Amino acid sequence: MAGMRPRGIEPAVWLVALGLAAWGFTSWLGWRPRPVLLAVLIAGCYASIWAVGEVGLRVTRVDLSAPRRRVSVRHGRDPRFLRLARLIREETDRQLVSRQVHRTLVRIVDDRLLEHHQIDRATEPERATAVLGPTLSGYIDDAPHSSQLQTRQLHDVLTRIESL
């Protein structure tokens, strides 16, 4: 067990040496040192340094950068609907929103018609109108304008698109 020392001896030796050095320095300056006050001050400083050192060993680095907004993937949903929801929520120009919503919904309708019914709206407009119904056909054929974004009408159009 050679070389094994109790853990408390080395800090105690440093504290005594530091206390004696501080007492000698203050005596040399002529400040009439008070040994008890000096011992308490040195012990308090040592305890603070020891606590910071011990806590520092257990601290992990924290990343304080702001997290990026992530859109959660929802299986079975068209990501174009997520972009539309964000556009409607964040944009203030109703005409821009109306045009974007109309353009995106027309593309979705065309994709669903082709995928589920094998109908190309451009080449078979009569069959497409029969499948789409009057509400959805009217929305697709009308030029977009800001009054089209009425909540009830948009709900009806989206419900009809979901049923394709």
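Given the structure is predicted, the values throughout are model-derived calculations rather than measurements.

### So, the overall build of the protein chain
Next up, step 1: Helix and strand content of the protein chain: six helices and zero strands.
Next up, step 2: Starting at the N terminus and walking to the C terminus, you meet the elements of the protein chain as α-α-α-α-α-α.
Next up, step 3: Put simply, the protein chain has 164 residues, and 20% of those count as buried.
Next up, step 4: By element, 60% of the accessible surface of the protein chain is carried by carbon and sulfur atoms, the whole surface being about 13000 Å².

### Digging into the packing of aromatic side chains
Next up, step 1: All told, the structure shown has one aromatic pair when counted by the stated rule.
Next up, step 2: Taking the centre distance of 6.1 Å and the plane angle of 35° together, the rings of Phe25 and Trp28 count as tilted. Taken together, the residues span about one helical turn, with Phe25 and Trp28 both in helix H1 (residues 9-29) at a distance of three residues.

### Some details on the packing of helix H3 (residues 79-90) against helix H4 (residues 94-117)
Next up, step 1: Where H3 contacts H4, the two axes come as close as 10 Å, and the packing angle between them is 165°. Between H3 and H4, the crossing angle belongs to the class labelled roughly antiparallel. Remark: the crossing between H3 and H4 carries left-handed chirality. Here H3 contributes Arg80, Phe81, Leu84, Leu87 and Ile88 to the contact with H4, which in turn contributes Val97, Gln100, Val101, Thr104, Leu105, Arg107, Ile108, Asp111 and Arg112.
Next up, step 2: In terms of residue class, the contact of H3 with H4 is built from eight nonpolar, two polar and four charged.

Basis of the calculations
- Chains are numbered independently. Their residues run from 1 in the order of the written sequence.
- Local features are withheld for residues below a pLDDT of 70 in this predicted model, meaning they are given only at 70 or higher, and side-chain atom pairs are given and counted only at 80 or more; totals for whole chains, interfaces and linings count all residues.
- As a rule here, side-chain values come from all non-hydrogen atoms in the structure, and water together with hydrogens is ignored.
- Put simply, DSSP H or I for four residues or longer makes a helix, DSSP E for two residues or longer makes a strand, and each gets a number counted from the N terminus.
- Exposure categories follow from relative accessible area, calculated using a 1.4 Å probe and restricted to protein chains: below 20% of the type maximum is buried, above 50% is exposed, and the middle band is partly exposed.
- Only the protein chains shown count as covering a residue, and every accessible area follows the Shrake-Rupley method with a 1.4 Å probe.
- For this analysis, a ring pair means two rings from Phe, Tyr or Trp (six-membered ring only for Trp) whose centres lie within 6.5 Å, classed as stacked if their planes differ by under 30 degrees, edge-to-face if by over 60, and tilted for the remaining angles.
- Note on definitions: angles span 0 to 180 degrees between N-to-C directions of axes, and those axes are lines fitted to C-alpha atoms, for helices only across the stretch in contact.
- The scheme is simple: roughly parallel for angles under 35 degrees, roughly antiparallel for over 145, roughly perpendicular for 65 to 115, oblique for anything else.
- A crossing counts as left-handed when the near helix is turned anticlockwise from the far one by less than a right angle, and as right-handed when that turn is clockwise.
- In what follows, residue pairs with any heavy atoms lying within 4.5 Å of each other are defined as contacts.
- Three categories are distinguished: nonpolar for Ala, Val, Leu, Ile, Met, Phe, Trp, Tyr, Cys and Pro, charged for Asp, Glu, Lys and Arg, and polar for the others, with Gly belonging to the last.

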